Amino acid sequence: MELELEREYFPEGTNGTIYGDGSYVCHTIELPWKNNEVKASCIPEGRYELLERYSTKFGWHILLRGVPGRDLILMHPANNALKELRGCIAPVSQITGEGEGVYSGPANGRLKTLVFEVLERKEKVFLTIKSKSNDTISKSESSNTQII
């Protein structure tokens, strides 16, 4: 299965939307882009394999494999990237600001169900992360992400 995360970059955070087979899955929030700085930046655009992982802190969650210069990049619930994330991706139901969203738990649950069902069938899942428009890491004026 191929998922796609289309991002928009802002000074205070990164907002995105995940699609699977062209259909909306959920929105996402992340840290702002800071040249892939560990624990301070969102991860680079690229294609990453998604795996199941368990921890006592997050329970069952999604792990991104193959992130350059980074490890333990997860997808887990959070509603404020600057306060709750250290490079991970948080699924959210609605974007409310730069790197901020709401109803992360339900969005994370939907995404996990989708991904885990495919992994259970012994199929691979990949997430391709890219900019919403063709330019890279430089947009804020021409945003089309709905911020409520």
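Reading guide: rules and limits
- Residues numbered from 1 in each chain as written.
- Predicted model: local features only at pLDDT ≥ 70, side-chain atom pairs only at ≥ 80, totals over all residues.
- Heavy atoms only, no water.
- Helix = DSSP H or I, 4+ residues; strand = E, 2+ residues; numbered from the N terminus.
- Buried < 20%, exposed > 50% of the residue type's maximum accessible area, 1.4 Å probe, protein only.
- Areas by Shrake-Rupley, 256 points an atom, 1.4 Å probe, with all protein chains shown as cover.
- Contact = heavy atoms within 4.5 Å.
- Salt bridge = Lys/Arg side-chain N within 4 Å of Asp/Glu carboxyl O.
- Pairing = 2+ DSSP bridges.
- Axes fitted to C-alpha atoms, helices over the stretch in contact; angles between N-to-C directions.

Caption draft 1: Structural context of the overall build of the protein chain. Within the protein chain, the secondary structure is distributed over two helices and 10 strands. Sequence-ordered secondary structure for the protein chain, helices as α and strands as β, is β-β-β-β-β-β-α-β-β-β-α-β. In the protein chain, which comprises 148 residues, the share counted as buried stands at 49%. Within the structure as shown, the protein chain displays about 7500 Å² of accessible surface, and the carbon and sulfur contribution to it stands at 49%.

Caption draft 2: How the structure looks around the environment of Lys124. Relative to the helices and strands, Lys124 is located in the loop between helix H2 (104–120) and strand E10 (125–131). For the pair Lys124 and Leu51, spaced 73 residues apart in the sequence, the C-alpha separation amounts to 8.3 Å. Those residues in contact with Lys124, other than ones at most four positions away along the chain, are Met1, Glu49 and Val118.

Caption draft 3: Structural detail: the pattern of salt bridges. What the rule picks out here adds up to six salt bridges. Note that Arg7 and Glu30 form a salt bridge whose closest N and O atoms lie 2.7 Å from each other. Within this pair, whereas Arg7 is found in strand E1 (residues 2–10), its partner Glu30 is found in strand E3 (residues 23–30), the two being separated by 23 residues in sequence. For the pair Arg7 and Glu30, one class covers both residues: buried. Ionic pairing is found between Lys132 and Glu8, a salt bridge with its closest N-O pair at 4.0 Å. With Lys132 in the segment after E10 and Glu8 in strand E1, this pair connects stretches of sequence that are 124 residues apart.

Caption draft 4: Focus on the pairing of E1. The buried fraction of E1 amounts to seven of the nine residues, a majority that puts the element mostly inside the structure. Pairing analysis gives six bridges linking E1 to E10, with the strands arranged parallel. Within the sheet, the bridge partner assigned to Leu5 lies in E10 and is Ile129.

Caption draft 5: How the structure looks around the sheet that holds E10. As summarised here, the arrangement of the eight strands in space is E6-E5-E4-E10-E1-E2-E3-E7, forming an open sheet in which the pairing is mixed. At either end of the open sheet lies a strand with only one pairing partner, and these are strand E6 (73–75) and strand E7 (90–92). Direction aside, neighbouring strands of the sheet carry axes that sit 35° apart on average. By the bridge criterion, three bridges tie E3 to E7 in an arrangement that is antiparallel. Residue pairing in the sheet places Ile29 in a bridge with Ala90 of E7. Contacts between H2 and the sheet are confined to E1, strand E2 (13–20), E3, strand E4 (46–55), strand E5 (59–65), E6, E7 and E10, with E5 contributing the most and set at about 70° to the helix.

Caption draft 6: View of the environment of Ile129. Position of Ile129 among the secondary structure elements: in strand E10. By relative accessible area, Ile129 is classed as buried at 2%. Contacts of Ile129, omitting those with residues within four sequence positions, involve Leu5, Arg7, Ile43, Pro44, Glu45, Gly46, Tyr48, Leu64 and Ile89.

Caption draft 7: How the structure looks around the pairing of strand E8 (residues 94–97). Bridge analysis of E8 against strand E9 (residues 100–102) gives three bridges, and the strand direction is antiparallel. Residue pairing in the sheet places Gln94 in a bridge with Val102 of E9. Counting the residues between successive antiparallel strands, the hairpin from E8 to E9 contains two residues, one of them, Gly99, with a positive phi of roughly 70°.

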